[in-house]
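Chain by chain, the residues run as shown.
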Amino acid sequence: MSEPNQDQARSPAGAAPGTLAGGASPATAGVSPGAAQDYWRGCRRLVGRKALLSAAARGLGIACAQRLAAEGAEVWITDRDPAALALALSDASAQGVELRALEMDSGDPSDVARCLAGVLERSGGIDILVNNAGGSLHTPYSFADQSDEDWRRVFDLNLMGAVWASRALLPVMVERGYGRVVNLGSKAGRFGSLIAGPNYAAAKGAIAALTRQMAMEYGPHGITVNCVCPGVVMTERTRGLWAERRTEVERARVLQAIPMRRHCEVEDIAATVAFLASDDASFITGVSLDVNGGQAMA
Ligand SMILES: NC(=O)c1ccc[n+]([C@@H]2O[C@H](COP(=O)([O-])OP(=O)(O)OC[C@H]3O[C@@H](n4cnc5c(N)ncnc54)[C@H](O)[C@@H]3O)[C@@H](O)[C@H]2O)c1
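Residues numbered from 1 in each chain as written. Predicted model: local features only at pLDDT ≥ 70, side-chain atom pairs only at ≥ 80, totals over all residues.

A. Just the overall build of the protein, in detail. Regarding its fold elements, the protein presents 10 helices and 7 strands. Expressed as a percentage of the 298 residues in the protein, the buried residues total 46%. (Helix = DSSP H or I, 4+ residues; strand = E, 2+ residues; numbered from the N terminus. Buried ≥ 20, exposed ≤ 12 C-beta atoms within 10 Å, placed from the backbone.)

Put into structure tokens, the structure is as follows:
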């Protein structure tokens, strides 16, 4: 198993604790994703914590990893794409953020077990696990067109990937009496999806159910388990699906129906994950948190 740029020393980042980069003030935070990004650079809630994120070389995962690292955590990102990992490390480094990377296939239980055993040995224990691996893997939208293989692959990545990673890392969290597990769910699992099919919606529904059950079991050990449910976030992957599976008129209508009148940004998810990973959320567990601008509410 190769480890691109493993453990490269980087100078830790961002603005000093308590300062706000870019001249933003707390009063401007939340005005736009950019302003919110300026505000969080003063946040150092994760100093001394070690975090691991799956499938995190791109998209939501890398945004969450950068945010956790900027808040002070020692962060490991895993992904099956070594080139993307190397790029993620150098991008983060250019922004002054230190990350560690490991090639791992989240859809392969033996690879997950082997890689995470190695991480535990080297890190001495992971406090924060973000089960980010997922996606609809470009499987068909219609139930009638989905094969058993489409169902199996999507369940393996979205649900079993989280099961396998949790199985590897939870015992050490239990030993230490502390842990944070944040699972990536989706609006799809709660309200259905406009771009992904029933296999994906069912897998995301399952991860929300898994979150609640694991929260019950692990709460007595000081471990919280929560699920973040984004609406569509315009990443490389979803931008293509969105254009392919919805007409321009439909896309405009959907946007108009979102109370916040915009799509989710990766920074919105990174902020939510960082909150749930921090001690600010120490009494929140078993929750599926909608981050969709009010597009669907329960
Ligand atoms: N993007 C969205 O609109 C959206 C919305 C709701 C929920 N989500 C969820 O958020 C999570 C991240 O989504 P994203 O859109 O950022 O993902 P993405 O498709 O952009 O992929 C992120 C990374 O996953 C890696 N990857 C793919 N298969 C892998 C495997 N088997 N093992 C290891 N790495 C693998 C890829 O190399 C890539 O670097 C997923 O669980 C997804 O279901 C995304």
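The rest of the description comes next.
B. Region of interest: the site of the ligand. Lining the immediate surroundings of the ligand are 27 residues, of which Ala55, Arg58, Gly59, Arg80 and Gly134 lie closest. Among the secondary structure elements, those contributing two or more residues to the shell around the ligand are α2 (59-70), α5 (148-176) and α8 (236-245). Here the element with the most residues in the shell around the ligand is α2; it accounts for 3 residues. Looking at the shell around the ligand residue by residue, the classes come out as 10 nonpolar, 11 polar and 6 charged. (Near = placed C-beta within 6 Å. Nonpolar A, V, L, I, M, F, W, Y, C, P; charged D, E, K, R; others polar.)

C. Expanded view of the packing of α2 against helix α10 (residues 266-277). Direction vectors running N to C along α2 and α10 enclose 50°, while the axes themselves pass 8 Å from each other. Here α2 lies oblique to α10, going by the angle between them. The handedness of the crossing between α2 and α10 is right-handed. Taking contact as the criterion, the partners of Gly59, Leu60, Ala63, Cys64, Arg67 and Leu68 in α2 are, on α10, Val266, Glu267, Ile269, Ala270, Ala271, Val273, Ala274 and Ala277. (Axes fitted to C-alpha atoms, helices over the stretch in contact; angles between N-to-C directions. Parallel < 35°, antiparallel > 145°, perpendicular 65-115°, else oblique. Left-handed = near helix turned anticlockwise from the far one by under 90°. Contact = placed C-beta atoms within 7 Å.)

D. Structural detail: the pairing of strand β3 (residues 100-103). Pairing of strand β2 (residues 74-79) with β3 involves 4 bridges; the strand directions are parallel. Looking at the pairing, Thr78 lines up with Leu102 of β3. Handedness of the crossover joining β2 and β3 through helix α3 (residues 82-94): right-handed. (Pairing = 2+ DSSP bridges. Right-handed = clockwise from strand over helix to strand, strands pointing away.)

E. How the structure looks around the environment of Leu241. The topology assignment puts Leu241 in helix α8. Along the chain, Leu241 and Ile195 lie 46 residues apart, while their C-alpha atoms are 6.2 Å from each other.

F. Here's a closer look at unusual backbone geometry. In the Ramachandran plot, Ala55 falls in the positive-phi region, its phi being about 50° despite a non-glycine side chain. Mapping Ala55 onto the fold places it in the loop between β1 (50-53) and α2. Residue classification places Ala55 among the buried positions, given that 28 C-beta atoms sit within 10 Å. One non-glycine residue, His138, lies in positive phi territory at about 55°. Mapping His138 onto the fold places it in the loop between β4 (128-131) and α5. Of the residues examined, His138 has 11 C-beta atoms within 10 Å and is grouped as exposed.

G. Structural view of the sheet that holds strand β7 (residues 288-291). Taken in spatial order, the 7 strands make up an open sheet running β3-β2-β1-β4-β5-β6-β7, and their pairing is parallel. The sheet terminates laterally at β3 and β7, the two strands that pair on one side only. For this sheet, the mean angle separating the axes of adjacent strands, direction not counted, is 20°. Judged from the 4 bridges that link them, β4 and strand β5 (residues 179-184) form a sheet pairing that is parallel. By the bridge assignment for β5, Ile128 is matched with Arg180. In the packing of helix α7 (residues 198-218) onto the sheet, the strands contacted are β5, β6 (223-230) and β7, and the crossing angle to β6 comes to about 165°.

H. Broad picture of the nonpolar core. Core analysis: the largest hydrophobic core is formed by 77 residues, its most contacted members being Cys64, Leu68 and Ile77. A per-element tally of this core places α5 first, with 10 residues. Ignoring sequence-local partners within four residues, the contact set of Cys64 consists of Leu53, Ala56, Val130, Asn132, Ile269, Ala270 and Val273. (Core = buried A, V, L, I, M, F, W, Y, C linked by C-beta atoms within 7 Å.)

I. How the structure looks around the packing of helix α4 (residues 109-123) against α5. At a minimum axis distance of 8 Å, the contact between α4 and α5 shows a crossing angle of 25°. In terms of orientation, α4 lies roughly parallel with respect to α5. For α4 against α5, the interelement crossing comes out right-handed. Here Pro109, Val112, Ala113, Leu116, Ala117 and Leu120 of α4 lie close against α5, whose contacting residues are Trp164, Ala165, Ala168, Leu169 and Val172. Each residue belonging to the contact of α4 with α5 can be placed in one class, and the counts come to 11 nonpolar, no polar and no charged.

J. Broad picture of the confidence of the model for the protein. Overall, the prediction assigns the protein a mean pLDDT of 88, with 86% of residues at 70 or greater. The secondary-structure element of the protein with the lowest mean pLDDT is helix α1 (residues 33-40), recorded at 57, while β4 shows the highest, at 99. Low pLDDT, under 50, characterises residues 1-31; the predicted model gives this stretch 58 contacts beyond four residues in sequence or across chains. (pLDDT = per-residue confidence, 0-100.)

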